[in-house]
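Chain and residue survey
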Amino acid sequence: MTTASSAPGGLNPLRQTKPRYGEAIIKGVLVLAATVSLFTTFGIVISVLIPSLEFFGEISLGEFLFTTTWTPLFANPQYGVLPLVMGTLVITLIAIAVAIPLGLGSAIYLSEYASPRARRVLKPTLEVLAGIPTVVFGFFALEFITQVVLVNIFPGIQVFNALSAGLVMGIMIIPTIASLSEDAMAAVPGGLRDGAYALGATKRQTALRVVIPAALSGIVAAFVLGISRAIGETMIVTIAAGLQPNMTLNPLEGMQTMTSYIAAAGAGDVATGSIEYKSIFAVGLLLFVITFVMNMISIRLVRRYRQAYQ
Amino acid sequence: MSEIHDPNAPQATSDLANTGRMDVSAVLGEERGTPLDDAIPQVVFDLNNVRVFYGDFQAVRDVTMQIGRHEITAFIGPSGCGKSTLLRSFNRMNDLIPGARVEGLLAYHGYNIYAPDVDPIEVRRRIGMVFQKPNVFPKSIYENVAYGPKVNGMKVNMDDLVEECLTRAALWDEVKDDLKKSAYALSGGQQQRLVIARCIAVKPEVILMDEPCASLDPIATAKIEDLMKQLAADYTIVIVTHNMQQAARVSDRTAFFTADVDAEGVRHGRLVEYGPTRRIFTSPKDPRTEDYISGRFG
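Bear in mind the structure is a predicted one, so any value in this text is a computation, not a measurement. The written sequence of each chain sets the order in which its residues are numbered from 1. Just so you know, chain letters begin at A and ligand numbers begin at 1, following the order they were written in. In view of the model being predicted, local features appear only for residues whose pLDDT reaches at least 70, and side-chain atom pairs are presented and counted only at 80 or more, with totals across whole chains, interfaces and linings using the full set of residues. Side-chain metrics in this entry use all non-hydrogen atoms of the structure; hydrogen atoms and water are not considered.

With that settled, consider the pattern of salt bridges. Residues and elements named next belong to chain B. Every case where a carboxyl oxygen of Asp or Glu lies within 4 Å of a side-chain nitrogen of Lys or Arg is listed as a salt bridge. Inspection of every chain in the model, using the stated rule, returns 24 salt bridges over all chains. One salt bridge in this structure joins Arg249 and Glu225, with 2.7 Å as the shortest N-O distance. Pair noted here: Arg249 is in helix 8 (residues 244-250) and Glu225 is in helix 7 (residues 218-231), with a separation of 24 residues, a long-range link. Burial classes follow relative accessibility: with a 1.4 Å probe on protein chains only, a residue under 20% of its type's maximum area counts as buried, one over 50% as exposed, and anything between as partly exposed. The partly exposed category is assigned to Arg249, whose relative accessible area is 30%. Residue Asp260 is joined to Arg270 by a salt bridge in which the shortest nitrogen-to-oxygen separation is 2.3 Å. Helix and strand definitions here come from DSSP, where helices need a minimum of 4 consecutive H or I residues and strands a minimum of 2 consecutive E residues; each element is numbered from the N-terminal end.

The structure is reproduced here in structure tokens:
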């Protein structure tokens, strides 16, 4: 549209834009920030993969995965990783048995029942639990759970045992499960709750039959993330479950997990380049693969749940 | 609550279709006759100085009115006039909002639904509600309809009930081969009819509708309006709408609400005028009603 104020001799030529150096610098810094984690992950994969491949050059994958004796530091070493996998599995299952009911219960309470004031107090308190260093949890498991609580229930229990480590690890991951599940339930549109209440549903029926099914993929993703944390947890198991590889399902005995083997062997005097040294990386690679698969499952579930209301 | 009258019990017959209905003008031109008399033959809700608060904030000022059985009553008015808030107090949905409370007397068939011994769950079973956004559950079409009867422990042949309710909601023919499909696969208008089917599955007497067509296109809206007129033969319907043409098209009676702004600038909803729709839209008594329906404000 033309106005009286436009230049009588036509438009001024459009000036060429000046290069904006500040913009380029900012962009470079941000790209760097975004790629640091990418390069780190890549670096970790490489640094774990190379010694692992060397390890598997000497020990067959079949022997590693399917034999049941793990004695890498003995004079006649054997490299069957199953006792470590078993230790991880038993302790993780105990942790899940604690964390899923308590975590989901807390989430349902916080999301559906708690008054706004109770929620304001309880949710941050729950999240404080997530901030306690795992070494503190480890000593809590060893000194209190085992030596004060469990010895009175199971007189034959070993000082280092899978049960105390699993129980305390379960307590540790309650906040992860509760907080993420609560987020998933809070993201369920209020209209669904209104719809259920308007049909004469009670709070329990609304929570269990409408809100939880609607939030299910988010809740399952919370479980998977909690389980991943349990599998990768090191300090509690190193302190409370002992360092003895043990091919057993008895939680009253000591066990070694994949993580506590890595921690213990890494801290010990293992010669760099030796087969014992490379076994640390092989176990690390197995752990990486397991948690990677768990995280992929969780990412996929979270994505599906995000799409649910679009 | 066991004392509440059975809504299906025979009542003094005063079939609205025979009570001095006349053919309505083109403005309101619809086959459903509308009443001309201010007197309501059969009262379902009797409100006496009903006030609704959210904490210290009074959202609705003293409302006194009656809602007639098997009539469609429309609540109209500008945003923030308290009409939805008032509607949600009819089945105690406001109980779910912390700090909300209702004062005055809100009687349903003569029983104060806010009496301490009244179970809000039972109130909501008898007084159903349809919301602005079609809030279907993330379940199959069948399970959506069956949800209410299941949570209420109704002993019925569920297949028959689902078919009956979907038929009643004018949805059966469109979904009868897809009952196991997710309700999310339906269009917005179909979802809203599914919500209506879900609502009538628990056999309520009253259906409250809070802007049920606000998110729908005109064709889907027309279907819902037709459905409302059919349902009014068996149900008492109260609808909140922003659409004055909709109120004129479907309702028997119209209540116009507006918001007063007090000295501190806080808005309080109040009932301005209530009467037969035909009169409200042709010869309103209050100038504010006239301004609103003629589009001069709101």
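For the rest of this paragraph, the subject is the packing of helix 6 (residues 188-200) of chain B against helix 7 of chain B. Residues and elements named next belong to chain B. Axis separation between helix 6 and helix 7 bottoms out at 9 Å; the angle between their running directions is 20 degrees. Between helix 6 and helix 7, the crossing angle belongs to the class labelled roughly parallel. The two elements helix 6 and helix 7 meet at a crossing, and its hand is right-handed. Residues Gly189, Gln192, Arg193, Ile196 and Ile200 of helix 6 lie in contact with helix 7, whose contacting residues are Ala220, Lys223, Ile224, Leu227 and Leu231. Residue composition of the contact of helix 6 with helix 7, by class: six nonpolar, two polar and two charged. Note on geometry: axes are C-alpha line fits, over the in-contact stretch for helices, and angles between N-to-C directions span 0 to 180 degrees. Throughout this description, any angle smaller than 35 degrees is read as roughly parallel, any larger than 145 degrees as roughly antiparallel, any in the 65 to 115 degree range as roughly perpendicular, and the remainder as oblique. Should the near helix be turned anticlockwise from the far one by less than a right angle, the crossing is left-handed, and should it be turned clockwise, the crossing is right-handed. In this description, contact between two residues means that some pair of their heavy atoms is separated by no more than 4.5 Å. Amino acids are sorted into nonpolar (Ala, Val, Leu, Ile, Met, Phe, Trp, Tyr, Cys and Pro), charged (Asp, Glu, Lys and Arg) and polar (every other residue, Gly among them).

This part covers helix 7 of chain B. All names here are of chain B. Between the first and last residue of a helix there are one fewer steps than residues, each counted as 1.5 Å, and that sum is the expected span. In this model, helix 7 (14 residues) spans 20 Å end to end at C-alpha, consistent with the 20 Å of a helix rising 1.5 Å per residue. For helix 7, the complete set of buried residues consists of Ala220, Thr221, Ile224, Glu225, Leu227, Met228, Lys229 and Leu231. Those residues of helix 7 that are buried lie in contact with strand 3 (72-76), helix 4 (158-168), helix 6, strand 7 (206-210), strand 8 (236-240) and helix 8. Polar contact is defined as a pair of N or O atoms within 3.5 Å, subject to the rule that within protein one atom must be able to donate a hydrogen and the other to accept it, and that residues adjacent in sequence are counted only when both atoms are side-chain atoms. For helix 7, the capping residue at the N-terminal end is Asp217, with a side-chain oxygen 3.0 Å from the backbone nitrogen of Ile219.

This brings us to the interface of chain B and chain A. The interface is formed by 26 residues belonging to chain B together with 20 residues belonging to chain A. By buried area we mean the combined loss of accessible area, with a 1.4 Å probe, across both parts when two parts are placed together. Here chain B and chain A share an interface that buries about 1700 Å² over both sides, 65% of which is from carbon and sulfur atoms. Taken together, the links from chain B to chain A amount to one salt bridge. In this structure, Asp194(A) engages Arg88(B) in a salt bridge whose closest nitrogen and oxygen atoms are separated by 3.6 Å. The tally of links between chain B and chain A comes to five residue pairs in polar contact (both at pLDDT 80 or more). Residue assignment for the side of chain B that touches chain A shows that the elements contributing at least two residues are helix 2 (120-126), strand 6 (127-130), helix 3 (141-151) and helix 6 of chain B. Among the elements that make up the side of chain B that touches chain A, the one with the highest residue count is helix 3 of chain B (four residues). Considered class by class, the residues forming the side of chain B that touches chain A number 15 nonpolar, five polar and six charged.

Buried Ala, Val, Leu, Ile, Met, Phe, Trp, Tyr and Cys residues form a nonpolar core when they are joined through side-chain atoms within 4.5 Å. In this structure, Phe64(A), Trp70(A), Met169(A), Met185(A), Ile219(A), Val283(A) and Tyr147(B) are the most contacted members of the largest nonpolar core, which totals 78 residues. When sequence neighbours within four positions are dropped, the list of residues in contact with Trp70(A) reads Phe64(A), Gln78(A), Tyr79(A), Gly80(A), Val81(A), Pro83(A), Leu84(A), Pro245(A), Tyr261(A), Ser279(A) and Val283(A).

On to the domain arrangement of chain A, then. Residues and elements named next belong to chain A. Delimitation of the domains relies on an automatic or database domain assignment. Entries for chain A in the domain assignment read domain 1 (21-58) and domain 2 (82-307). For domain 1 and domain 2, the distance between their C-alpha centres works out to 28 Å. Taken over both partners, the interface formed by domain 1 and domain 2 buries close to 850 Å², and the fraction arising from carbon and sulfur atoms is 82%. Taken together, the connections running from domain 1 to domain 2 amount to two salt bridges. The partner of Glu58 in a salt bridge is Lys278, and the shortest N-O contact between them spans 3.5 Å. The tally of links between domain 1 and domain 2 comes to three residue pairs in polar contact (both at pLDDT 80 or more). Its residues assigned to classes, the side of domain 1 that touches domain 2 comprises six nonpolar, two polar and two charged.

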